[in-house]
Amino acid sequence: MNLTRSQFDAIVVGAGIAGLYMLHRLREAGLSSLVLERGHGVGGTWYWNRYPGARCDVESLEYSYSFCEELQQEWNWSERYSGQPEILDYINHVAQSFDLLKDVKFGTSVLQATFDDTTSQWIVETDQGDRFTALFLIMATGCLSSTNTPEIEGRDSFKGNTYHTGNWPHHEVDFGGQRVGIVGTGSSAIQAIPHIASGCESLTVFQRTPNFSVPARNGSISKSYESRVKANYSEFRARNRLMPAALGSTFIGNNQSALDASAEEQQLEFAKRWKIGGFGFLGAFNDLTINKESNDVAAEFARERIRETVEDPATAEVLCPDSVIGCKRLCLDTNYFETYNLPHVDLIDIRRNPVERVTRTGIQCQDSKYELDSIIFATGFDAMTGTLLRINITGSSGLTLQEAWKAGPQTFLGLAVNGFPNMFLISGPGSPSVLTNMIVSIEQHVEWIEKCIGYVLENQHSAIQADEEAQDDWVQHVNLLASRTLYPSCNSWYLGANIPGKPRVFMPHVGFPNYVAKCEEVRSLDYEGFTFS
Ligand code: N01
């Protein structure tokens, strides 16, 4: 882009699904806006996560923008769950259709953003030596955008290639004839493992915690289903927005406790949903995420499927999670457990045989050594706060975000932070974000922020910020909601438990769609809980 100005009404950080829609809305509202993006293309998550097998776990007809009827009619998805290349094509199509690229500066990381109390402007500085100012700063930096690579002794001494699933090369990686090791068995690994196994000499999987996974049952979208949805797309979207997690297609809830069903009824309900595939499994009964006894039945059903799929009983047991199903993000897979039946695929239980160090030629565990040509870290992200805290954000009176969040993230509605006027977060901690269809949450946040900015300007305020009291109440409310569920019972990234030293706080808000009603209430009460200056 050819920048001839350095002063904007708004600066948006990130050109993923959130940042692009924010730019579109700001532009429609007549505001001058600039998007700063660290990558060299749009797409955010879908730009970086190019590992083999990367695929969305929300159905394609739902995982797309709803704001433009023409757009949702003209785009045709090919599969029930879209692969990364198709989603990235779609995002590029949107960026081009709405002529968004001209306001995005690519290859530019924001290093710091500082609020100037005297001018009520944000000063944004980048690694390209830029210095921009704007009245509003909108962080569209994504929930899973800072990769986590564990500090294993000797990691940098490995002479083969290392990869991270969240920062995969932009060229084809050929593992032909190679001995490949993969560390981690989360959603990314569970998708990548069958693909990598099919193209390498041997694959060694280093598993710390086994994960639950439900079959995705991916396949091409039936044209008749697509036509039915498209005939009434806005109704389909409206219905999904009222669902828990904003997921419609297969998440048909069952308003019955597992404990009120007979053992036979339980098995039938689980089996029906297992056959359909997808997250609908967790909707089999209404108490699977809040009642341990009910959850145990679902968990055992899923473990039985592992035992019947994996031929070697010892391997099957190592793959069986002993935790709550759905406590960590439930994985969806295609042939994940089947892959362990292949003769060249080995599973190492690093809870029993811990990794000691990476050597020049492989991985040394306590009891055994593995010679490898490539190592893949599928070790996840410093989720929800990682990217925000890596940027030096300084709000009013010199308060830094690192200080404000040292005991864990504090926000009002996940949208704003006390002490940081005119800064908005899209899908920030304290909002439902990762517990929903992200695009539904993103659209809701973007539209709320755009209206809020309009209100500030129309009323000739120079700044808006969340009140401390409203924020404290919100943080308490988010914690209370989480404490009524089984979510806090495992070491998930929702809690920051995957990052050594990160405060253990359950970050997302469990309560879509009530959350949306709360945001609307705040807006209708002239932004109750915010102060204007
Ligand atoms: O990351 P993860 P991910 N030594 O954090 C292990 C979304 N997503 O990239 O469980 C050894 O889930 C770690 O072990 P443990 C989705 O929301 C969606 O897979 O901490 N192992 C775990 O096994 C998902 O939840 C899609 O004991 C270490 C793994 O690495 C989120 O992204 C696809 C380790 C990390 O799993 C993140 O998924 C992909 C260490 N020091 C991702 N540190 C879809 O839409 C970590 N691990 C389908």
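Calculation criteria
- Residues numbered from 1 in each chain as written.
- Predicted model: local features only at pLDDT ≥ 70, side-chain atom pairs only at ≥ 80, totals over all residues.
- Heavy atoms only, no water.
- Helix = DSSP H or I, 4+ residues; strand = E, 2+ residues; numbered from the N terminus.
- Buried < 20%, exposed > 50% of the residue type's maximum accessible area, 1.4 Å probe, protein only.
- Contact = heavy atoms within 4.5 Å.
- Patch = residues over 30% accessible without salt bridge, like charges linked within 9 Å, V, L, I, M, F, W, Y side chains within 5 Å.
- Areas by Shrake-Rupley, 256 points an atom, 1.4 Å probe, with all protein chains shown as cover.
- Salt bridge = Lys/Arg side-chain N within 4 Å of Asp/Glu carboxyl O.
- Lys, Arg positive; Asp, Glu negative; His and termini not counted.
- Charge placed at Lys NZ, Arg CZ, Asp CG, Glu CD.
- Disulfide = S-S within 2.5 Å.

Enquirer: Looking at this model, I keep getting lost on the environment of Lys-369. Mind explaining?
Expert: Mapped onto the elements, Lys-369 comes out in strand β15 (residues 369–371). A relative accessible area of 47% means that Lys-369 is categorised as partly exposed. In the structure, Lys-369 is positioned 14 residues away from Val-355 in sequence and 9.3 Å away in space, judged by C-alpha atoms. In contact with Lys-369, not counting residues within four places along its chain, are Thr-361, Ile-363 and Gln-364.

Enquirer: Can you help me understand a negative patch on the surface in this one?
Expert: A cluster of acidic side chains, namely Glu-468, Glu-469, Asp-472 and Asp-473, defines a negative patch on the protein surface. Checked against the element boundaries, Glu-468 lands in helix α14 (residues 468–483).

Enquirer: Is there a simple way to think about the state of the cysteines in this case?
Expert: Joining two cysteines, a disulfide is a covalent bond between their sulfur atoms. Evaluated as defined, the whole model comprises one disulfide. Residue Cys-327 pairs covalently with Cys-490 via a disulfide, S to S 2.2 Å. On the sign convention where negative means left-handed, the S-S torsion of about -110° between Cys-327 and Cys-490 marks this disulfide as left-handed. Placement of Cys-327 in the loop between α10 (313–319) and β11 (331–333) and of Cys-490 in the loop between α14 and α15 (514–524) is noted, with a sequence separation of 163 residues between them. Each member of the pair Cys-327 and Cys-490 is classed as buried. No disulfide involves Cys-320; its sulfur sits 14 Å from the nearest other cysteine sulfur, which is in Cys-331. Residue Cys-320 is classed as buried on the basis of its relative accessible area of 8%.

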